[in-house]
Amino acid sequence: GPRLTADLDVIVFADAPKLGQLIRHATRHGFQAAVETELAAVAEGGSLRLDRGLFHFDVIVRSLFIEDLAYEHSRTRKLFGRSVRFPSPEDLAILKTVAGRPRDLLDVAGIVRRHATKLDRRYIEATLRKVCDLAEDHAILERWQRVSRG
């Protein structure tokens, strides 16, 4: 069945010095994170992780054009009394496929199941092809094809 999760993925448009400030601010307000370890993960192209009790926040640092697309296509919704931007299902599937961790691919499978016939697969595949060409790595598109077939 679907994965029950207490994860929240956040895309941050910030440079490295600002990320350090963000992590330090978060740790002063109840989040756990090893500042240097997390900054090193980001420097290697990963996401940074903040933990608070049962909740995990994966902070994706803008590094490719796909985050810009996700922002452009996002919709604003109210969450806990605040306006928050949410990506389209297609852009979320792209971001998760590129990240490629097992839990991300489970999320992609869930997106495909939930939005089955409404999902713009041509947009997803065309965008992933561009990412593959930039990265000179076609494993990303292969991941999508494997996961999206169910």
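Reading the values: the criteria
Residues numbered from 1 in each chain as written. Predicted model: local features only at pLDDT ≥ 70, side-chain atom pairs only at ≥ 80, totals over all residues. Heavy atoms only, no water. Helix = DSSP H or I, 4+ residues; strand = E, 2+ residues; numbered from the N terminus. Rg over C-alpha atoms; globule rule 2.2 N^0.38 Å. Buried < 20%, exposed > 50% of the residue type's maximum accessible area, 1.4 Å probe, protein only. Contact = heavy atoms within 4.5 Å. Areas by Shrake-Rupley, 256 points an atom, 1.4 Å probe, with all protein chains shown as cover. Lys, Arg positive; Asp, Glu negative; His and termini not counted. Charge placed at Lys NZ, Arg CZ, Asp CG, Glu CD. Patch = residues over 30% accessible without salt bridge, like charges linked within 9 Å, V, L, I, M, F, W, Y side chains within 5 Å. Salt bridge = Lys/Arg side-chain N within 4 Å of Asp/Glu carboxyl O. Arc of directions from axis to C-beta. Polar contact = N/O pair within 3.5 Å; in protein donor to acceptor, adjacent residues only side chain to side chain.

Caption draft 1: Region of the structure containing the overall build of the protein. Across its full length, the protein carries 7 helices and 5 strands. The linear arrangement of helices and strands in the protein, starting from the amino end, is β-α-α-β-β-α-β-β-α-α-α-α. Here the C-alpha atoms of the protein give a radius of gyration of 16 Å, agreeing with the 15 Å that 2.2 N^0.38 yields for 150 residues. Over its C-alpha atoms, taken along the principal directions, the protein stretches across nearly 45 × 35 × 30 Å. Classification of the 150 residues of the protein by burial places 31% in the buried group. Restricting the contact set of the protein to residue pairs at least 6 apart, pairs at least 24 apart contribute 51%. Just so you have it, the protein exposes about 9600 Å², and 55% of that area is on carbon and sulfur atoms. Charged side chains in the protein number 25 positive and 21 negative. The centres of these two groups are separated by 7 Å.

Caption draft 2: Quick peek at a nonpolar patch on the surface. Together, Leu-79, Phe-80 and Phe-86 make up a nonpolar patch on the protein surface, roughly 330 Å² of accessible area in all. Mapped onto the fold, Phe-80 is located in the loop between strand S4 (75-79) and strand S5 (82-86).

Caption draft 3: Representation of the side chain of Asp-104 within the structure. In this fold, Asp-104 is placed in helix H5 (residues 102-115). By relative accessible area, Asp-104 is classed as buried at 2%. Not counting the four nearest positions on each side in its chain, Asp-104 is found in contact with Lys-96 and Ala-99.

Caption draft 4: Structural detail: helix H7 (residues 139-148). Taken residue by residue, H7 has Ile-140, Leu-141, Arg-143, Trp-144, Val-147 and Ser-148 as its buried positions. An end-on view of H7 places all buried positions within 155 degrees of arc, on one side of the element. Residues of H7 that are buried sit in contact with helix H4 (89-99), H5 and helix H6 (121-135).

Caption draft 5: Spatial organisation of the environment of Asp-51. Topologically, Asp-51 is positioned in strand S2 (residues 48-52). With 24 residues separating them in the primary sequence, Asp-51 and Thr-27 have C-alpha atoms 9.2 Å apart. If sequence neighbours within four positions are ignored, Asp-51 has contacts with Gly-30, Phe-31, Gln-32 and His-56. A distance of 2.4 Å separates the side chain of Asp-51 from the side chain of His-56, its partner in a polar contact.

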